[in-house]
Amino acid sequence: MNKTPATRNTCFINKAFIEAICGAETTNRKTIITIIWVLFENEINGDEPDKSSLLKRLDDIIKKNKSSLSDTINRELAKNAIGGIVDRYNKIDKIIGEVSKSRVTAPIERNILRFGVFGLKFGKDYGLLIGESAVKDEAIEIAKNLLDEGASRFINAILTNPVVNKDRVIKAFIEAICGAETTNRKTIITIVWVLFENDGDVLDEGVLMNCLEDIIEKNKLSDINKGFAENSIRDIVNKYNEIDKIIDDMSTRPLGSIGLIERNILRFGVFGLKFGRTWDTPMVPLYVINQVIELAKNLVGESAGKFINGVLGGLVPDEPRQLPVKQVGGIIFIRNSGTLKFSLVKTAYKKWSLPKGKLREGEDLKEGFKRALKKEIGIEVEVIKKIHSDSFTDGPIKKEAVYFLGTTNNWELCLEKKPGLTKANWFTYEEVKKLDLDSALKPMILRYMDEVIKECLLGRIERIRRWILNWLRSRLK
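Procedures and definitions
- Residues numbered from 1 in each chain as written.
- Predicted model: local features only at pLDDT ≥ 70, side-chain atom pairs only at ≥ 80, totals over all residues.
- Heavy atoms only, no water.
- Helix = DSSP H or I, 4+ residues; strand = E, 2+ residues; numbered from the N terminus.
- Buried < 20%, exposed > 50% of the residue type's maximum accessible area, 1.4 Å probe, protein only.
- Contact = heavy atoms within 4.5 Å.
- Areas by Shrake-Rupley, 256 points an atom, 1.4 Å probe, with all protein chains shown as cover.
- Axes fitted to C-alpha atoms, helices over the stretch in contact; angles between N-to-C directions.
- Parallel < 35°, antiparallel > 145°, perpendicular 65-115°, else oblique.
- Left-handed = near helix turned anticlockwise from the far one by under 90°.
- Nonpolar A, V, L, I, M, F, W, Y, C, P; charged D, E, K, R; others polar.
- Salt bridge = Lys/Arg side-chain N within 4 Å of Asp/Glu carboxyl O.
- Pairing = 2+ DSSP bridges.
- Expected span 1.5 Å × (residues − 1).
- Phe/Tyr/Trp six-rings, centres within 6.5 Å; stacked < 30°, edge-to-face > 60°.
- Core = buried A, V, L, I, M, F, W, Y, C linked by side-chain atoms within 4.5 Å.
- Patch = residues over 30% accessible without salt bridge, like charges linked within 9 Å, V, L, I, M, F, W, Y side chains within 5 Å.
- pLDDT = per-residue confidence, 0-100.
- Polar contact = N/O pair within 3.5 Å; in protein donor to acceptor, adjacent residues only side chain to side chain.
- Arc of directions from axis to C-beta.

Sorry if this is basic, but what is going on with the overall build of the protein here?
Along the backbone of the protein there are 20 helices and seven strands. The buried share of the protein, taken over its 477 residues, is 48%. Nonlocal contacts in the protein, meaning residues at least 24 apart in sequence, comprise 66% of its contacts between residues at least 6 apart. Counting every atom, the protein has about 24500 Å² of accessible surface; 48% of that belongs to carbon and sulfur.

Have a look at this one:
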């Protein structure tokens, strides 16, 4: 007797499940595939989600495929998960419907989602000892193996939606910030977090700035560059529609079907590549690409990194502009009632550093130094000598810096209002040694301040010596 098309299709799907189980490398993945298989069979047979009938179906699947399944799955895990999914069945389906916006899903896809939503929202209540990140990753990989890349991306978009588990997403952001090695990376993650929190709301700069403040305060993020974050968010708001159009044009997936985290990583990425270079300090395209790919991998998974790379790759110019930013700054001292004091500025990430500014094209170094300090801290300085030069990379920015030693008679400091600086003050050398200095400049700062102290002391000794000699000569006459 010939098999009907439905029977042939079911046989094909059952074979796909068995092959997926045999190809799975871990007991957890084999077990999860089996759970999805049970849910799938129950649905295509038109049965109601009843705990006893689903557990019987689990036993039947294991018995029929004894050679493949008997010793390779965790029965206790499967039973607990199936029981929990039945208990929360209507709630799980309501969440899937809400997040997928009533998109018609295939039975396998739908039952992968049922397990994924259960694992993320309710798994802990049923003793599911699989981490939330692992639940998502397993569901995405199973969708890829049983269906295709498009299905895995859809599953990812649903399971990373905050409606499914916002706590997990926020935890992932916090862990990514804590694990980031540089201030720039921490700041970029925070910017994406702010965009993520406000995705779908009416875009308002004030609301986003308040969200940034809340995230920084609640999570005590003292080591991010707040000025950089505020400027980025402000500019992204201004270019929002243009950025979204670029993503829509460059992506193989409609903007609405891209996962929330990926979508907002892309927003920062497109902004950095297309518009970030209009800042005073241009962003290096390769740096932007690397940052957002790594962020996508950390927050979502390996496949998300590849997707982000594919979308943004076409925006990178053949010869990315990586001209160094030339800066001039220095150690400025003043004599106050016989005491030497030095001027320092405090950065947004609470480090004390030297006042400095950008050198204009074709500008003389000394003249640029005097102009930059007048602009940044409001004082006229007299240049004594050049003391140090350096070239380095600060995150996305290549820099060349030249430092001078200078003095002034202007006691009153007037800090320029700009992102990245919060305070300017005078300190004695002993006070400077106790400050939290910029680690990259600390050795140079202390070395040359110490030299100034010694030279001034020697000068004072020489003046005293001359006075004594003059006094002795006058007495001998």
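From this point, the discussion proceeds with the structure in view.
Sorry, what's going on with the packing of helix α2 (residues 27-44) against helix α5 (residues 75-87) here?
Working note: a packed helix pair is described by the angle between its axes plus the distance between those axes. Between α2 and α5, the shortest axis-to-axis distance is 10 Å and the interhelical angle comes to 40 degrees. One element, α2, and the other, α5, form an angle in the oblique class. When you trace α2 past α5, the crossing you get is right-handed. Residue-level inspection shows N28, T31, I35, V38 and L39 of α2 in contact with α5, the latter providing L77, A78, A81, I82 and I85. Looking at the contact of α2 with α5, its residues break down into eight nonpolar, two polar and no charged.

Which parts of the structure should I look at to understand the environment of L435?
One can find L435 in the loop between α19 (429-434) and α20 (442-476). L435 sits in the buried class, given a relative accessible area of 17%. C-alpha of L435 to C-alpha of S353: the two residues are 82 residues apart in sequence and 9.9 Å apart in space. The contact partners of L435, leaving out residues within four places of it in the chain, are L344, W352 and F427.

Hey, could you run me through the pattern of salt bridges in this one?
One side chain can pair with another of opposite charge once the charged atoms of both are near each other. Scanning the entire structure with this criterion turns up 24 salt bridges. A salt bridge links K245 to D249; the nearest nitrogen and oxygen atoms lie 3.0 Å apart. Here D249 and K245 lie together in helix α14 (residues 240-250), a separation of four residues that amounts to about one turn. A relative accessible area of 54% means that D249 is categorised as exposed. Ionic pairing is found between E367 and K370, a salt bridge with its closest N-O pair at 3.4 Å. Here the residue E367 and the residue K370 both occupy positions in helix α18 (residues 365-377), the gap between them amounting to three residues, near one helical turn. The class for E367 is partly exposed, based on a relative accessible area of 43%. You can call K370 partly exposed: its relative accessible area is 30%. One salt-bridge network, held together by shared partners, links E43, D93, R110 and R114.

Before we go on, may I ask you to explain the pairing of strand β2 (residues 339-347) in this structure?
For a regular strand, side chains alternate in direction, first toward one face of the sheet and then toward the other. Here β2 lies mainly inside the structure; seven of its nine residues are buried. In this sheet, strand β7 (residues 421-427) lies alongside β2 in antiparallel orientation, the contact comprising six bridges. Bridging across to β7, K346 finds its partner in K423. Pairing of β2 with strand β3 (residues 352-353) involves two bridges; the strand directions are antiparallel. By the bridge assignment for β3, K346 is matched with W352.

Please explain the environment of L340 as it appears in this structure.
Mapped onto the fold, L340 is located in strand β2. As a C-alpha pair, L340 and F427 span 87 residues in sequence and 8.3 Å in three-dimensional space.

Where do I start with helix α15 (residues 260-275) in this structure?
Note: α-helices contain 3.6 residues per turn, so residues at a spacing of three or four share the same orientation. Here α15 is 16 residues long and its end C-alpha atoms lie 22 Å apart, about the 22 Å a rise of 1.5 Å per residue gives. With 15 of its 16 residues buried, α15 lies for the most part within the structure.

Honestly, the packing of aromatic side chains in this entry has me stumped. Any pointers?
Applying the stated rule across the entire model yields ten aromatic pairs. When the centroid spacing of 5.7 Å and the interplanar angle of 50 degrees are considered together, the rings of F17 and F40 count as tilted. With F17 in helix α1 (residues 5-23) and F40 in helix α2, the pair connects residues that are 23 residues apart, well separated along the chain. The same class applies to F17 and to F40, which are both buried.

What exactly am I supposed to notice about the nonpolar core here?
The nonpolar side chains of soluble globular proteins are, as a tendency, buried together. If you look at the biggest cluster of nonpolar residues, it comprises 57 residues, and the most contacted ones within it are I265, L299, I308 and L312. Looking at this core, the elements with two or more residues in it are α10 (162-179), α11 (183-197), α12 (205-218), α13 (226-238), α14, α15, α16 (285-299) and α17 (302-312). Ranked by residue count, the leading element in this core is α15, at nine residues. Among the nonpolar cores identified, the runner-up in size contains 50 residues, and L58, I85, I95 and L146 belong to it.

Which parts of the structure should I look at to understand the environment of G256?
With respect to the element layout, G256 can be found in the loop between α14 and α15. Separated by 99 residues in the primary sequence, G256 and A157 place their C-alpha atoms 9.4 Å from one another.

I keep staring at a nonpolar patch on the surface and nothing clicks. Help me out?
Taken together, W467, I468, L469, W471 and L472 make up a surface patch of nonpolar side chains, about 500 Å² in accessible area. Inspection of the secondary structure puts L469 in helix α20.

In this structure, what is going on with the confidence of the model for the protein? I would like to understand it.
Low-pLDDT portions of the prediction should not be read for the details of their coordinates. In this model, the protein carries a mean pLDDT of 80, and residues with pLDDT of at least 70 account for 84%. Of all the helices and strands in the protein, helix α4 (residues 66-69) carries the lowest mean pLDDT, 66, while α18 carries the highest, 92. Across residues 1-8, where pLDDT falls below 50, the model places two contacts with residues more than four positions away in sequence or in other chains. Within the model, pLDDT remains below 50 along residues 278-282, and this stretch shows 14 contacts once partners closer than five positions in the same chain are excluded.

Is there a simple way to explain the side chain of N225 in this structure?
Residue position: N225 is located in the loop between α12 and α13. Exposure remark for N225: the relative accessible area of 18% places this residue in the buried category. A distance of 3.1 Å separates a polar side-chain atom of N225 from the backbone nitrogen of F228.

Even after reading the chapter, I still don't get α14, so can you show me in this structure?
Of all the residues in α14, the buried ones are Y240, I243, D244, I246 and I247. Within α14, the buried residues cover an arc of 155 degrees as seen down the axis, which keeps them to one side. For α14, the exposed residues lying more than 90 degrees away from the buried face are N241, K245 and D249. Taken together, the buried residues of α14 touch α13 and α15.

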